[in-house]
Every structure is written in C-alpha cells, then in structure tokens.
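Each chain, written out:
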Amino acid sequence: GIQVEQSPPDLILQEGANSTLRCNFSDSVNNLQWFHQNPWGQLINLFYIPSGTKQNGRLSATTVATERYSLLYISSSQTTDSGVYFCAVARYQTGANNLFFGTGTRLTVIP
Amino acid sequence: DVKVTQSSRYLVKRTGEKVFLECVQDMDHENMFWYRQDPGLGLRLIYFSYDVKMKEKGDIPEGYSVSREKKERFSLILESASTNQTSMYLCASSLWGTDKPTENTEAFFGQGTRLTVV
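Here is a short report on the structure shown in this document.

Conventions and cut-offs
- Residues numbered from 1 in each chain as written.
- Chains lettered and ligands numbered in written order.
- Predicted model: local features only at pLDDT ≥ 70, side-chain atom pairs only at ≥ 80, totals over all residues.
- Heavy atoms only, no water.
- Helix = DSSP H or I, 4+ residues; strand = E, 2+ residues; numbered from the N terminus.
- Rg over C-alpha atoms; globule rule 2.2 N^0.38 Å.
- Contact = heavy atoms within 4.5 Å.
- Areas by Shrake-Rupley, 256 points an atom, 1.4 Å probe, with all protein chains shown as cover.
- Lys, Arg positive; Asp, Glu negative; His and termini not counted.
- Charge placed at Lys NZ, Arg CZ, Asp CG, Glu CD.
- Pairing = 2+ DSSP bridges.
- Axes fitted to C-alpha atoms, helices over the stretch in contact; angles between N-to-C directions.
- Buried < 20%, exposed > 50% of the residue type's maximum accessible area, 1.4 Å probe, protein only.
- Buried area = accessible area lost by both parts, 1.4 Å probe.
- Salt bridge = Lys/Arg side-chain N within 4 Å of Asp/Glu carboxyl O.
- Polar contact = N/O pair within 3.5 Å; in protein donor to acceptor, adjacent residues only side chain to side chain.
- Nonpolar A, V, L, I, M, F, W, Y, C, P; charged D, E, K, R; others polar.
- Phe/Tyr/Trp six-rings, centres within 6.5 Å; stacked < 30°, edge-to-face > 60°.

This part covers the overall build of chain B. When helices and strands are tallied, chain B shows 0 helices and 11 strands. Taking 2.2 N^0.38 as the reference for a compact globule, 118 residues should give roughly 13 Å; the C-alpha atoms of chain B span a radius of gyration of 14 Å, in line with that estimate. When contacts within chain B are restricted to residue pairs at least 6 apart in sequence, long-range pairs at least 24 apart make up 57% of them. Only carbon and sulfur atoms are counted for the fraction: they give 49% of the accessible area of chain B, which is about 5,800 Å². Across chain B, the 16 positively charged side chains and the 17 negatively charged ones have centroids separated by 7 Å.

Rendered as structure tokens:
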C-alpha cells in the first residue's frame, strides 16, 4: 500500500492562532481527502483535493500531487477545531478507489 | 447530503458470538468499504465492494466476511468474535472507482460502531 505520513502528530494552539498540517505520501494517487474526526468518532469530510487549492471558511487546503504532499491550513483556530485530522489518499484497485490513511494530527485548541 | 448509516453506535458481544455490523447508504454509490480503527494503528481496510455481490479483501480480512446483496447495504460479519476484534468499525461509500483524476470519487463515512468483545 501507499505510505502516508502526517506531521506534526500533536499540536496545541491558543485560540485565535493559525496552523499548518502536512501530509506526505509515497506514491502517485488518484485523489486525496482531509477529514476531521469528531469526539464521537465520526469522520467529517473537509476537503476532496487531488490537486490545487481549495478554501472553506477558515480552512484551506493545497495539494501538490507532483511533489506528493498536501497541506491543511487552519486560521483563527477555535476550540471546536479540536480533534484529530486525517489525510487519506486513494489508489484505484479492482473497481474501487481505496483510501490509505495517515496516523493523524491531534489538535488541541485552548481558550 | 450523502448519508451513510451504521446500525449501531455501541455494541458489546461475547467471545465466540457471530456478529453482524450493518451499513446503509442512500446515494446509489457503487463502492462500499469497511475499516477498523485502533490506537496507534490508524484506519485499516478490512473489505470493500465495488458492485452488488462483489467483494474484495483489504489489508486485514482475517476473521471477517462481508455481504452485499443490495446496492445500498454492506454488512460486515465476524464469524466468531474474539477479544482482538474489539475496535471502532467505520463504513464508507463512494460513487465509483476510477483512475481518472477528473472523476469525483469522494468517500463518505458513517458514524462508526464501537464494538467491545468480552
């Protein structure tokens, strides 16, 4: 499978601070997604971003597929941003695009 | 909105029991997946299905089987539950599989099932 590395593993921020999460992957991929796992365990879709840059409110993401990395930017962080952020890359295999996950970045935003 | 629904949020079963985890999606997606999530190991693919009655093994299929009799439903079966199958189980679906980067293959997840085997 594809190796996916996320950094940093843990991040503690003061409310209002900005942060950048990084995702490196070991091979060419068909697509890339960023998720936020809420305290109840559900994975919430943040971005579907095989390449280029997208923005959604205080969050934005950039994927440079040729260099095999993606970045997630969180600006003006809020306590509700706390949780684990996962990067997942997909490779086409036997009729489906299977996702390979990184081990996540645990973000804690303190008031 | 895409909705992927797992039948139980929490489940406690005894060792040796046959366990069924159900997942239903309402967006006519071709592909469905089962993952398990464990601390320190991340999310790992158990099985996936790209069409009705079609299934493929993922990275950790041992001790599991699956069933997809209808397009909207994908079941994970633990034939004889063991304590090392205590985990968080996550179901996902996506429209279809393709290696064309211009096609949207975004995956959506259910709320997860926390299974404890005692």
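Resuming the write-up.
Let's shift gears to the sheet that holds strand β8 (residues 73-78) of chain B. Residues and elements named next belong to chain B. Read from one edge of the open sheet, 4 strands run β1-β3-β8-β7, paired in antiparallel fashion. On the outer flanks of this sheet lie β1 (4-6) and β7 (64-70), each paired with one strand and no other. Adjacent strand axes in the sheet meet at a mean angle of 20° when their direction is disregarded. Across 5 bridges, the pairing between β7 and β8 is antiparallel. Counted as the bridge partner of S65 is I77 from β8.

All names here are of chain B. Inspection of the secondary structure puts D1 in the segment before β1. D1 sits in the exposed class, given a relative accessible area of 92%. On a C-alpha basis, the gap between D1 and N104 in space is 15 Å, while along the polypeptide they are 103 residues apart. Contacts of D1, omitting those with residues within four sequence positions, involve D26 and M27.

It is worth spelling out the pairing of strand β11 (residues 113-117) of chain B at this point. All names here are of chain B. Alternating positions in β11 separate cleanly, T113, L115 and V117 being buried on one face and R114 and T116 remaining unburied on the opposite face. Pairing analysis gives 4 bridges linking strand β2 (residues 10-13) to β11, with the strands arranged parallel. Residue pairing for β11: V12 is matched across the bridge by T116. Where strand β9 (residues 87-94) lies against β11, 3 bridges are found, and the strand directions are antiparallel. Bridge pairing in β11 places M88 opposite R114.

Before going further, it helps to spend a moment on the pairing of strand β4 (residues 31-38) of chain B. All names here are of chain B. Among the 8 residues of β4, 8 are classified as buried, and the element is accordingly described as predominantly covered. The alternating pattern of β4 places N31, F33, Y35 and Q37 on one face and M32, W34, R36 and D38 on the opposite face, and all of these are buried. Turn length for the β4-strand β5 (residues 42-51) hairpin, with the two strands adjacent in sequence and antiparallel, is 3 residues, and the turn residue G40 shows positive phi of about 85°.

The next point concerns the interface of chain B and chain A. Between chain B and chain A, the residue contacts involve 28 residues of the former and 22 residues of the latter. Together chain B and chain A conceal approximately 2,100 Å² of surface at their shared face, both sides included; 52% is due to carbon and sulfur atoms. At the surface where chain B touches chain A, the tally comes to 0 salt bridges. Where chain B packs against chain A, one counts 8 residue pairs in polar contact (both at pLDDT 80 or more). Elements represented by at least two residues in the side of chain B that touches chain A include exactly β4, β5, β9 and β10 (107-109) of chain B. Considered class by class, the residues forming the side of chain B that touches chain A number 13 nonpolar, 8 polar and 7 charged.

Before going further, it helps to spend a moment on the packing of aromatic side chains. Applying the stated rule across the entire model yields 9 aromatic pairs over all chains. On the numbers, 6.0 Å between centres and 75° between planes, the contact of A:F101 with B:F109 is edge-to-face. Separated into two different chains, A:F101 in strand β10 (residues 96-101) and B:F109 in strand β10 make up a pair that spans both. Seen in terms of ring centroids, B:Y64 and B:Y89 are 6.0 Å apart; in terms of plane orientation they differ by 65°. Their pairing is edge-to-face. Of this pair, B:Y64 sits in strand β7 while B:Y89 is found in strand β9, placing the two residues 25 residues apart along the sequence.

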